[in-house]
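Descriptive structure summary
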Amino acid sequence: MTTQIPSLTIGAVAKRVGVAIDTIRYYEREGLLPEPERRASGYRSYDEGAVRQLRFIRRAKDLGFTLEEIRDLLALSADRHRGVKAVKKRAQERLAAIDERIAELTRVRNGLEQLVEACPGHGSPEQCPILRALVDEEPQA
């Protein structure tokens, strides 16, 4: 009696994970997902491991990790001795980068908010504080 591992088509995997078929092919080309076995028909054949790995990749992307960082996380997830410590370090680094980005976006938002509040919304373009801020030279330090 032979037990056959259930195989999924690329379309079925894409639907289950919530990604496009082209995304799966791209991850294969980038080495984030191993090349699947091929059926006699030539179609790709995936197993549940591919579904789990794609979910991992998608969720890591949702958390702001780059593909290169995800590649590292995938490798670290297999390291039984140092993996968790290294994954935590990568996550801390990603969190610090996000905090820096939030601070920068907050600074930009506050500056734009001041310009919007200062603009009357009518009059000549030369008097518009938003346009003046975009045209004026940077202050000399």
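Heads up: these notes are all about the structure in this document. For every chain, the first residue of the written sequence is number 1, and numbering continues from 1 onward in sequence order. The model is predicted, so local features are restricted to residues of pLDDT at least 70 and side-chain atom pairs to those at 80 or more, both for listing and for counting; the totals for chains, interfaces and linings are taken over all residues. Excluding hydrogens and water, the side-chain figures rest on all heavy atoms present in the structure.

For helix α1 (residues 10-17), the full list of buried residues reads I10, V13, A14 and V17. Around the axis of α1, the buried residues are gathered within 100° of arc, so they sit on the same side. Contacts are assigned to residue pairs with any non-hydrogen atoms lying within 4.5 Å of each other. A run of H or I in DSSP counts as a helix once it spans at least four residues, and a run of E counts as a strand once it spans at least two, with each numbered from the N terminus. As for α1, its buried residues are in contact with α2 (21-29), β2 (44-45) and α3 (48-62). The first or second residue beyond α1 is G18, which carries a positive phi of 85°. Using a 1.4 Å probe on the protein chains alone, a residue whose accessible area is under 20% of its type maximum counts as buried, one over 50% counts as exposed, and one in between counts as partly exposed. Our arc is simply the arc of the directions from the helix axis toward the C-beta atoms.

For α2, the complete set of buried residues consists of I24, Y27 and E28. The arc enclosing the buried residues of α2, seen along the axis, measures out at 105°, which places them on a common side. What points out from α2, more than 90 degrees from its buried face, is the exposed set D22 and R29. In this structure, the buried side of α2 is in contact with α1, β2, α3 and α4 (67-77). Of the residues flanking the end of α2, it is G31, one or two places downstream, whose phi is positive at about 80°.

Once that is clear, we can look at the packing of α4 against helix α5 (residues 83-118). Every angle, taken between N-to-C directions, lies between 0 and 180 degrees, and every axis is a line fitted to C-alpha atoms, over only the stretch in contact when it is a helix. With their axes 9 Å apart at the nearest point, α4 and α5 run at an angle of 160° to one another. The angle between the axes of α4 and α5 places the two elements in the roughly antiparallel class. Classified by chirality, the crossing of α5 by α4 is left-handed. For the pair formed by α4 and α5, the contact residues are E69, D72, L73 and L76 on the first element and G83, A86, V87, R90 and R94 on the second. With respect to orientation, any angle under 35 degrees is reported as roughly parallel, any angle over 145 as roughly antiparallel, any angle of 65 to 115 as roughly perpendicular, and every other angle as oblique. By convention, the crossing between two helices is left-handed when the near helix turns anticlockwise from the far helix through less than a right angle, and right-handed when the turn is clockwise.

On to the pattern of salt bridges, then. Each salt bridge in this description consists of a side-chain nitrogen of Lys or Arg and a carboxyl oxygen of Asp or Glu lying within 4 Å of one another. Per the counting criterion, the structure on display carries 9 salt bridges. Each of E30, E68 and R71 takes part in a single network of salt bridges with overlapping partners.

One way to put it is that α3 packs onto α4 with a least axis distance of 10 Å and a crossing angle of 130°. By the angle class used here, α3 and α4 are oblique. In the packing of α3 onto α4, the handedness of the crossing is right-handed. Counting all contacts with α3, which are made through Q53, F56, I57, A60 and K61, the residues of α4 involved are L67, I70, L73, L74 and S77. Just so you know the grouping, Ala, Val, Leu, Ile, Met, Phe, Trp, Tyr, Cys and Pro go in nonpolar, Asp, Glu, Lys and Arg go in charged, and all remaining residues, Gly too, go in polar. Tallied by class, the residues present in the contact of α3 with α4 amount to 7 nonpolar, 2 polar and 1 charged.

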